[in-house]
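Chain residues, written in single-letter form:
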Amino acid sequence: MSRVNYRIPLYMVILMNILGFLLIFFSNDFQVNVLYVGLGFMALFILVYTVLILCRMGDKFLIMIVSMLTTISILMLCRIDLEIGVKQIVWIALGCIVFFIAYVFYYKLRFLDKIWLLYALVGTGLFVMTLVLGKEINGSKNWIEIGGMSFQPSEFTKIIYILFLACYYSKSWESSFLKMSPTLITGLVSYAYIGFLALQRDWGTILVMFMIYMFLMYVYESKRRLLGFNILMVIVVGVLGYLTMNHIRVRVNVWLDPWADPSNTGYQITQGLYGIASGGYFGTGLGNGSLQNIPEIQNDFIFSAICVEMGVFGGAAVILLFFLLSYRCFKITINTTNAFNKVVGLGISVMFSLQTFIIIGGVINLIPLTGITVPFVSSGGSSVVASFAALGIMQAISAVEERKGEDYEGE
Amino acid sequence: MQGYELVSSILSYVFTTIIYIFIFAVVGLVYLDIKKMNTKENETKDGGKKTIPVEDEDFAILRTVKSRMAVALKMNAAYRISGKGVVVGRGKKCDIIVNDMYLSAAQFQIWSEDGKWYIRDMDSKNGTYLNGSRLKKIKQLKTGCEIAFGELKFLFEEED
């Protein structure tokens, strides 16, 4: 293997798209529109990849892995409901634009590690906005509706929160503010965010944010006592939540024994498990499985849908793809020399991997189920756009490292 | 739609194959990546010592504290060291070779990063002491620090 062939993965994605959309074309009584949609999606991906190569924007793998993931997701969504699939493609297109915007901003702006106060305020502002204007969907009040389109601010708050933490842990913010030390402020802001999320009853996001905080603290904090205190707080909050919130107790009980009440509280998870079991090794084939029984199939339970129709191998492939994505993110993080970029990179790597672990673990009943989205795979605009924004930042970090030592052209 | 079901179930095998070829190709590239990392590390190992690159080279002085042992070992009164990294020990590859029987082949290393000087013990058998306490991890050095090892002592001085 002296020469590396970067093209094989690319061809595979294209082949997958062609075959997949031909199949959907077949299943939709040969409507030509489907083919246009497929071509559009493929063109979008090829365009992004070409721009990436031509402008030498750093790592090539990230977008490759993500395009495979989105391809699997789009085929699945188009099969579940063509309308959802098309909507998702529009969101992905928007996500790609946000990807480049995030890239350019992160690459060009040099003061991102100075504006911690702005991050804290924007994050709080988004939370307050959600509380005031929010709309309740599925027991969580974390949606805002603007002009007929609902949008979930907590997805973006996660990224802002990572940037905020990065200001502190990269040591570019050391002066105290209002007579409070940065350590105290970080803790206060973290717990305030968690409090806001608890008010919105968005337990999945709480878990992700708290874990990001813990991971970064574990890596960077020299005071072990602070880490111990926070772990204690997690236990206290967890136990309190379990004792006071009926919602959480139900989830935990379902996790412990999903078969106790399969027609009511355990309905979703047991249907998901039946689905995963019915798929077999290679799945029933796109369009042949019975997916109508599983609630929320296009969001949280998309992993079950993939297992039904693409089999255990398909499901394992999704996990492997996420594994490769986190490997790549961690590698970029290790290679960067800039302290701020390092923390942001670590935060985003942890965010991707944790989010995948929490939801896939929940769906296969490994851990209690909390409703969050699978990055890049679940349907839903805010999740896709936010994931692409995070990916853009990651791409910028890799580009900073790759272009180091080169003369800046045209600047 | 009998035909569709057949096509779809055949294609499910094709899809699985495609996805795994994709994963295999990416893993192959990852493998090359890791291999490249390994060779980089081996190169520094072959060089005998870890050198940390610095943009502007810093210098510092290690003064030998006078003692009967220092005279017996024919130590210089002072050593000028560069920020690229200096290893002190009994081994022939060391930058400052001290033939004291209580030392390990590589006793400790001193280097500078961004104008700050650091010292670390290279897992020596009898230990290195900084201002009287045994070195366990990387510590920062400042002018006036006393580095003791075996039966010898160095005084550290930063050069401007």
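Scroll up a little and you will see the structure.
To start, this report covers the structure provided alongside it. (Residues numbered from 1 in each chain as written. Chains lettered and ligands numbered in written order. Predicted model: local features only at pLDDT ≥ 70, side-chain atom pairs only at ≥ 80, totals over all residues. Heavy atoms only, no water.)

### Things to note about the overall build of chain A
When helices and strands are tallied, chain A shows 14 helices and three strands. Whereas a compact globule of 411 residues would reach a radius of gyration of roughly 22 Å, chain A reaches 22 Å, a difference of no more than 12%. When its C-alpha atoms are laid out on the principal axes, chain A stretches across 70 × 60 × 45 Å. Every one of the 411 residues in chain A was classed for burial, and the buried ones make up 52%. When contacts within chain A are restricted to residue pairs at least 6 apart in sequence, long-range pairs at least 24 apart make up 70% of them. Here chain A displays about 18,300 Å² of accessible surface, and carbon together with sulfur accounts for 67% of that area. Chain A carries 25 positive and 22 negative side-chain charges, and their two centres are separated by 9 Å. (Helix = DSSP H or I, 4+ residues; strand = E, 2+ residues; numbered from the N terminus. Rg over C-alpha atoms; globule rule 2.2 N^0.38 Å. Buried < 20%, exposed > 50% of the residue type's maximum accessible area, 1.4 Å probe, protein only. Contact = heavy atoms within 4.5 Å. Areas by Shrake-Rupley, 256 points an atom, 1.4 Å probe, with all protein chains shown as cover. Lys, Arg positive; Asp, Glu negative; His and termini not counted. Charge placed at Lys NZ, Arg CZ, Asp CG, Glu CD.)

### With respect to the sheet that holds strand 6 (residues 116-121) of chain B
Residues and elements named next belong to chain B. Read across the sheet, five strands follow the order 4-3-5-6-9 without closing on themselves; strand pairing throughout is mixed. The open sheet terminates on both sides in strands that have one partner only, identified here as strand 4 (96-97) and strand 9 (139-141). When strand 3 (residues 86-89) meets strand 4, the two strands line up parallel, connected through two bridges. Along strand 4, the bridge assignment pairs Gly-89 with Ile-97. (Pairing = 2+ DSSP bridges.)

### Some details on the packing of helix 8 (residues 203-220) of chain A against helix 9 (residues 224-244) of chain A
Residue and element names in this part refer to chain A. Contact pair helix 8 / helix 9: the axes reach a minimum separation of 10 Å and the direction vectors enclose 160 degrees. Taken together, the axes of helix 8 and helix 9 are roughly antiparallel relative to one another. The interaxial crossing formed by helix 8 with helix 9 has left-handed handedness. Taking contact as the criterion, the partners of Phe-210, Tyr-213, Met-214, Met-217 and Tyr-218 in helix 8 are, on helix 9, Arg-224, Leu-226, Leu-227, Asn-230, Ile-231 and Val-234. (Axes fitted to C-alpha atoms, helices over the stretch in contact; angles between N-to-C directions. Parallel < 35°, antiparallel > 145°, perpendicular 65-115°, else oblique. Left-handed = near helix turned anticlockwise from the far one by under 90°.)

### Quick look at the state of the cysteines
Among covalent bonds in proteins, the disulfide is the one between the sulfur atoms of two cysteines. Residue and element names in this part refer to chain A. Taken as a whole and assessed by the stated rule, the structure comprises zero disulfides over all chains. Looking at the unpaired Cys-307, the closest cysteine sulfur is the one in Cys-78, lying at 19 Å. Of the residues examined, Cys-307 reaches a relative accessible area of 4% and is grouped as buried. (Disulfide = S-S within 2.5 Å.)

### Quick notes on the pairing of strand 3 of chain B
Residues and elements named next belong to chain B. Across the two faces of strand 3 the burial is the same, with Val-86 and Val-88 and Val-87 and Gly-89 all buried. Sheet topology note: the strand 3/strand 5 (residues 108-113) ladder contains three bridges and is antiparallel. Its bridge partner being in strand 5, Val-87 is matched across the sheet by Gln-109.

### Observations regarding a nonpolar patch on the surface
Taken together, the side chains of Ile-231, Val-234, Ile-235, Val-239, Tyr-242 and Leu-243 of chain A define a hydrophobic patch exposed on the protein surface, amounting to about 510 Å² of accessible area. Topologically, Ile-235 of chain A is positioned in helix 9. (Patch = residues over 30% accessible without salt bridge, like charges linked within 9 Å, V, L, I, M, F, W, Y side chains within 5 Å. Salt bridge = Lys/Arg side-chain N within 4 Å of Asp/Glu carboxyl O.)

### Here we look at the packing of aromatic side chains
Under the criterion given, the structure shown has 23 aromatic pairs over all chains. On the numbers, 5.7 Å between centres and 5 degrees between planes, the contact of Tyr-103 of chain A with Tyr-107 of chain A is stacked. Of the two residues, Tyr-103 of chain A and Tyr-107 of chain A are both situated in helix 4 (residues 82-108); the distance of four residues between them amounts to about one turn of the helix. For the ring pair Phe-376 of chain A and Phe-388 of chain A, a centre distance of 5.2 Å and an interplane angle of 85 degrees mean the geometry is edge-to-face. Taken together, the positions of Phe-376 of chain A in the loop between helix 13 (339-363) and helix 14 (381-402) and Phe-388 of chain A in helix 14 put the pair twelve residues apart, joining distant regions of the chain. Comparing Phe-376 of chain A with Phe-388 of chain A shows no difference in burial state: the two are buried. Ring pairs connect the aromatic residues Tyr-281, Phe-282 and Phe-313 of chain A together with Tyr-13 and Tyr-20 of chain B, which therefore count as one cluster. (Phe/Tyr/Trp six-rings, centres within 6.5 Å; stacked < 30°, edge-to-face > 60°.)

### A word on a positive patch on the surface
A cluster of basic side chains, namely Arg-134, Lys-136, Lys-137 and Lys-139 of chain B, defines a positive patch on the protein surface. Mapped onto the secondary structure, Lys-137 of chain B falls in the loop between strand 8 (133-134) and strand 9.

### Re the side chain of Ser-383 of chain A
Residue and element names in this part refer to chain A. Position of Ser-383 relative to the elements: it lies in helix 14. With relative accessibility at 3%, the residue Ser-383 sits in the buried group. In this view, Ser-383 contacts Glu-155, Thr-373 and Val-374; residues no more than four positions away in its chain are not counted.

### Remarks on the interface of chain B and chain A
With 29 residues of chain B at the contact, the number on the chain A side is 39 residues. Overall, the association of chain B and chain A removes approximately 3,000 Å² of surface from exposure, summing both partners, and the carbon and sulfur fraction of that is 82%. Among the residues of chain B in contact with chain A, Tyr-4, Phe-15 and Phe-22 of chain B are the three that bury the most area, contributing 23% of the side total. For the interface between chain B and chain A, the tally reads zero salt bridges. For the pair chain B and chain A, the interface holds four residue pairs in polar contact (both at pLDDT 80 or more). Class assignment for the residues of the side of chain B that touches chain A results in 21 nonpolar, six polar and two charged. (Buried area = accessible area lost by both parts, 1.4 Å probe. Polar contact = N/O pair within 3.5 Å; in protein donor to acceptor, adjacent residues only side chain to side chain. Nonpolar A, V, L, I, M, F, W, Y, C, P; charged D, E, K, R; others polar.)

### Here we look at the pattern of salt bridges
Evaluation of the coordinates by the stated rule reveals six salt bridges over all chains. Between Glu-309 of chain A and Arg-79 of chain A there is a salt bridge, with its nearest N and O atoms 2.7 Å apart. One end of the pair, Glu-309 of chain A, is in helix 12 (residues 302-335); the other, Arg-79 of chain A, is in helix 3 (residues 61-80), and 230 residues separate them in sequence. Residue classification places Arg-79 of chain A among the partly exposed residues on the basis of a relative accessible area of 21%. Lys-153 of chain B serves as the salt-bridge partner of Glu-146 of chain B, at 4.0 Å between the closest nitrogen and oxygen. Accessibility expressed as a relative area gives 28% for Glu-146 of chain B, which makes it partly exposed. With relative accessibility at 37%, the residue Lys-153 of chain B sits in the partly exposed group.

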